[in-house]
Amino acid sequence: MKNNQEIELLNTWLSITNIQSNINHELEMVLQENYKLSLKEFYVLYFLSQTDDKQLRLQQLQEMIGLSQSALSRLVGRLEAKSCGALQRHICEDDRRGIYTRLTPLGEEKLDRALQTFYQVLQSILGKEHLRREFHFLMEKI
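All of these numbers come straight from a predicted model, not from anything done at the bench.

## Comments concerning the overall build of the protein
Helix and strand counts for the protein stand at six helices and three strands. In sequence order, the secondary structure elements of the protein are arranged as α-α-β-α-α-β-β-α-α. Over its C-alpha atoms the protein spans a radius of gyration of 19 Å, topping by over 25% the 14 Å that the globule rule assigns to 142 residues. Classification of the 142 residues of the protein by burial places 34% in the buried group. Put simply, 54% of the contacts in the protein that link residues at least 6 apart link residues at least 24 apart. Accessible surface for the protein amounts to roughly 9,600 Å². Of this, 51% is attributable to carbon and sulfur atoms. Here the protein contributes 18 positively and 19 negatively charged side chains, and the mean placements of these two sets differ by 5 Å.

Right, here's the structure in full:
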């Protein structure tokens, strides 16, 4: 049997992951309902928007998002589709093996609208007093 300190540490970790999972679920629902975006699709658009030239290698995105190569390729394909048009894939001129995806102006517009909702949901959830108390309590345990 583990000692009480180890059990408390595990229970604290489980509480933190449960809170994060619930927030992710809420964000996923709202993004899907309002923008037809999954949370991972939203993150792809966001990460691309944070670069100077609005593009990244697919391999870089794969590491940032935490998806397999094939899953990321399908995700990028959905965002490239004519019905969405948020991304545009292209081959690197210097390294023909490198495939990049670029955020299109349509993708930037989609992200801008989704960001407002994303922030509103986060503020609503994280602003709840009981959650703030729970965070404070958990942080004291660490």
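## Looking at helix H3 (residues 58-65)
Leu58, Leu61 and Ile65 are the residues of H3 that are buried. For H3, the angular spread of buried residues about the axis comes to 60°, placing them on one side. On its buried side, H3 packs onto helix H2 (39-49), strand S1 (55-57), helix H4 (69-80), strand S2 (87-91) and strand S3 (99-103). Downstream of H3 by a residue or two, Gly66 has a phi angle that is positive, lying close to 80°.

## So, the sheet that holds S1
Spatial strand order, S1-S3-S2: three strands in an open sheet with antiparallel pairing. Each edge of the sheet is formed by a strand with only one pairing partner; in this case those strands are S1 and S2. Pairs of neighbouring strands in the sheet enclose a mean axial angle of 25°, with direction left out of account. Pairing geometry for S1 and S3, over three bridges, is antiparallel. Across the sheet, residue Arg57 finds its bridge partner in S3, namely Tyr100.

## Remarks on the packing of aromatic side chains
Within the structure shown, the criterion is met by five aromatic pairs. Taken together, the ring pairs in this structure connect Phe42, Tyr43, Tyr46, Phe47, Phe118 and Tyr119 into an aromatic cluster.

## Here we look at the side chain of Ser38
Looking at the secondary structure, you find Ser38 in the loop between helix H1 (4-35) and H2. Excluding anything up to four places from it in sequence, Ser38 contacts Glu28, Leu31 and Gln32.

Criteria and thresholds
Residues numbered from 1 in each chain as written. Predicted model: local features only at pLDDT ≥ 70, side-chain atom pairs only at ≥ 80, totals over all residues. Heavy atoms only, no water. Helix = DSSP H or I, 4+ residues; strand = E, 2+ residues; numbered from the N terminus. Rg over C-alpha atoms; globule rule 2.2 N^0.38 Å. Buried < 20%, exposed > 50% of the residue type's maximum accessible area, 1.4 Å probe, protein only. Contact = heavy atoms within 4.5 Å. Areas by Shrake-Rupley, 256 points an atom, 1.4 Å probe, with all protein chains shown as cover. Lys, Arg positive; Asp, Glu negative; His and termini not counted. Charge placed at Lys NZ, Arg CZ, Asp CG, Glu CD. Arc of directions from axis to C-beta. Pairing = 2+ DSSP bridges. Axes fitted to C-alpha atoms, helices over the stretch in contact; angles between N-to-C directions. Phe/Tyr/Trp six-rings, centres within 6.5 Å; stacked < 30°, edge-to-face > 60°.

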